[in-house]
Amino acid sequence: MIAPLAKFIDWSALQALSLPLEIQLRLGRGPSAKGPALDLDQALQFLNGPDFIPAESRPAQITFNGPLHFRFPTPRPGDIANNNVVHGRLYRCGGRWQERPVIILLHGGGDIPNHRFGFPLVARCCNRRGLNAATLVLPYHFQRRPHQIVDWHYLLTAQTVAQAVAEVRALTGWLLGEGCPAVALAGASYGGWFAGLAACHDARLASAVLIAPRVDMNQVSLLEKRVLWPRTREMVRGRRTGYEALDRTPLNLILSQPVIPRENILLIEGMHDLLVGSGPVEELWQAWGRPDRWRLPYGHLSMLGAAGLPARVVDWLNPRLKNAAVRTPNT
């Protein structure tokens, strides 16, 4: 894809996605510019403590609603009732699916098209290659979205990340407990961030693919530079100091190291990406010891919809999954 078109798609999407926030701010209902200092102190204490991503992870207590859809209570419940139930889909590979590896697909922030329509196609691609596929609805997304406006203070942001990683690990534990020989993660954008965090804390994972991943909190500051809406820019500008503090915690993937083999990690970078940018992925690649990396001539959104990319990712994962053994039993 030519660079100007890829960048225009990302820029247009950024304006459209930030417009509802601008409207809320104009009506006096949006998030505040800074948030209390105490909230930032609590977030930093939580992120740097043992409770952020604990060593122990219990398997999810899964119940199925039909052959495809499942749900389980989140390991880290909060005050929003509908966000405390995790929804997902399991695309089984034949009748003896427990003997096959699994790829867990993690969607991007607000990415309804890929989650509802793209992931089923990816799952069929997995099934044709002898792999199971599973999807999760990440916290505060889709049917887990709260009915009231949420003010995203620093502590809630940290707790949401911890909740998402705990849910990914809980599903991993359930799949391994069912007998699946290996589990991999493939996350895009927002989901790529969670896949990276899980790969830094859970050695049971066989492999991880991070597609145009969010790397740190500082990427939120891209809103300040590229969004047209003045109140949104002002809100982000007011939180810059807080985001910089959060980037000195384990939220920043660059400051952590994966606990799975480097040869089983793939980073995919969009050369014309305006929503994430190429710089953070380059830094992550260097910090993680230069695992496999694909630099593709796409923007953020155009790459997520690139024809043929899902099949390439599955083909990259397939031999690593089938050769992997579960290295650490579930605690």
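Residues numbered from 1 in each chain as written. Predicted model: local features only at pLDDT ≥ 70, side-chain atom pairs only at ≥ 80, totals over all residues. Heavy atoms only, no water.

Trainee: Where do I start with the confidence of the model for the protein in this structure?
Mentor: Interpretation of the predicted coordinates at a detailed level should be avoided for regions scoring low in pLDDT. Here the protein averages 90 in pLDDT, and 93% of its residues register 70 or above. Predicted confidence is poor over residues 325–331, with pLDDT under 50, and the contacts of this stretch with residues over four places away or in other chains come to 21 contacts. (pLDDT = per-residue confidence, 0-100. Contact = heavy atoms within 4.5 Å.)

Trainee: Just to check I follow, could you spell out the packing of aromatic side chains for this structure?
Mentor: Each aromatic ring pair is specified by the distance between its two centres and by the angle formed by the two planes. Evaluation of the coordinates by the stated rule reveals 10 aromatic pairs. Plain terms: the ring middles of Y154 and Y243 are 6.3 Å apart, the flat faces sit at 85° to each other, and that makes the pair edge-to-face. In this pair, Y154 sits in helix 4 (residues 154–177) while Y243 sits in helix 8 (residues 240–246), placing the two residues 89 residues apart along the sequence. Just as Y154 is buried, Y243 falls in that class too. Measuring from ring centre to ring centre gives 5.7 Å for W193 and F194, while their planes differ by 20°; the resulting arrangement is stacked. (Phe/Tyr/Trp six-rings, centres within 6.5 Å; stacked < 30°, edge-to-face > 60°. Helix = DSSP H or I, 4+ residues; strand = E, 2+ residues; numbered from the N terminus. Buried < 20%, exposed > 50% of the residue type's maximum accessible area, 1.4 Å probe, protein only.)

Trainee: Is there a simple way to think about the sheet that holds strand 9 (residues 292–296) in this case?
Mentor: Pairing between the strands of a sheet is mediated by backbone hydrogen bonds and can be parallel or antiparallel. The strand order across the open sheet formed by nine strands is 1-2-3-5-4-6-7-8-9, and the pairing between neighbours is mixed. Sheet topology places strand 1 (63–65) and strand 9 at the edges, where each strand pairs with a single neighbour. With direction set aside, neighbouring strand axes in the sheet form an average angle of 20°. With three bridges connecting them, strand 1 and strand 2 (residues 69–73) associate as antiparallel partners. Paired with F64 across the strands is F70, a residue of strand 2. Across the sheet, helix 5 (residues 190–199) lies against strand 4 (102–106), strand 6 (183–188) and strand 7 (207–211), angled at about 145° from strand 6, the strand it touches most. Contacting strand 4, strand 6, strand 7, strand 8 (265–270) and strand 9, helix 11 (residues 309–322) runs over the sheet at an angle of about 175° to strand 9. (Pairing = 2+ DSSP bridges. Axes fitted to C-alpha atoms, helices over the stretch in contact; angles between N-to-C directions.)

Trainee: Honestly, the layout of surface pockets in this entry has me stumped. Any pointers?
Mentor: To find the voids left in a structure, one rolls a probe of water-molecule size over its atoms. Quantified by volume, the second largest pocket comes out at close to 440 Å³. Considering the residues around the second largest pocket, the lining is formed by 27 residues, among which N114, F119, V122, L304 and P310 are closest to the centre. At the level of elements, strand 4, helix 3 (112–128), strand 6, helix 10 (300–304) and helix 11 are the ones that each hand at least two residues to the lining of the second largest pocket. Here the lining of the second largest pocket is built from residues that sort into 21 nonpolar, five polar and one charged. (1 Å grid on protein atoms, 1.4 Å probe; cavity = no way out; pocket = protein on both sides within 12 Å on 5 of 7 lines; lining within 4 Å. Points joined across faces, edges and corners; volume = space filled by probe spheres on them. Nonpolar A, V, L, I, M, F, W, Y, C, P; charged D, E, K, R; others polar.)

Trainee: Got a minute to help me understand the nonpolar core in this structure?
Mentor: Here is a general trend for soluble globular proteins: nonpolar side chains tend to be buried in one another's company. One finds L171, L175, W193, F194 and L246 to be the most contacted residues of the largest nonpolar core, which totals 66 residues. By residue number, the principal contributor to this core is helix 4, which donates 13 residues. In contact with L171, other than residues within four places in its own chain, are A60, I62, F70, I104, A134 and L136. (Core = buried A, V, L, I, M, F, W, Y, C linked by side-chain atoms within 4.5 Å.)

Trainee: Just checking my understanding: could you explain the side chain of S207 for this structure?
Mentor: Structurally, S207 is set in strand 7. There is a polar contact of 2.5 Å between the side chain of S207 and the backbone oxygen of N264. For S207, the contacting residues outside a window of four places in its chain are V183, A184, L185, I260, N264, W316, L317 and R320. (Polar contact = N/O pair within 3.5 Å; in protein donor to acceptor, adjacent residues only side chain to side chain.)

Trainee: Can you help me understand helix 11 in this one?
Mentor: The periodicity of an α-helix, 3.6 residues per turn, causes residues three or four positions apart to be oriented the same way. Here helix 11 is 14 residues long and its end C-alpha atoms lie 20 Å apart, about the 20 Å a rise of 1.5 Å per residue gives. Every buried residue of helix 11 is accounted for by L309, V313, V314, W316, L317, N318 and L321. (Expected span 1.5 Å × (residues − 1).)

Trainee: Would you mind showing me how to read a nonpolar patch on the surface here?
Mentor: Taken together, I2, L5, F8, W11 and L228 make up a surface patch of nonpolar side chains, about 500 Å² in accessible area. Summarising the element assignment, L228 is placed in the loop between helix 6 (222–226) and helix 7 (230–238). (Patch = residues over 30% accessible without salt bridge, like charges linked within 9 Å, V, L, I, M, F, W, Y side chains within 5 Å. Areas by Shrake-Rupley, 256 points an atom, 1.4 Å probe, with all protein chains shown as cover. Salt bridge = Lys/Arg side-chain N within 4 Å of Asp/Glu carboxyl O.)

Trainee: What's the story with the pairing of strand 4 in this structure? I'm lost.
Mentor: In the case of a regular strand, side chains alternate between the two sheet surfaces. Taken across its five residues, strand 4 has five buried, putting it largely inside the fold. What you see with strand 4 is no split at all: V102, I104 and L106 on one side and I103 and L105 on the other are buried throughout. Two elements, strand 4 and strand 5 (residues 132–136), share five bridges in a ladder whose sense is parallel. Residue pairing for strand 5: I103 is matched across the bridge by A133. On the question of chirality, the crossover connecting strand 4 to the parallel strand 5 by way of helix 3 is right-handed. Summarising the sheet, strand 4 and strand 6 pair through five bridges and their orientation is parallel. Residue pairing for strand 6: V102 is matched across the bridge by V183. (Right-handed = clockwise from strand over helix to strand, strands pointing away.)

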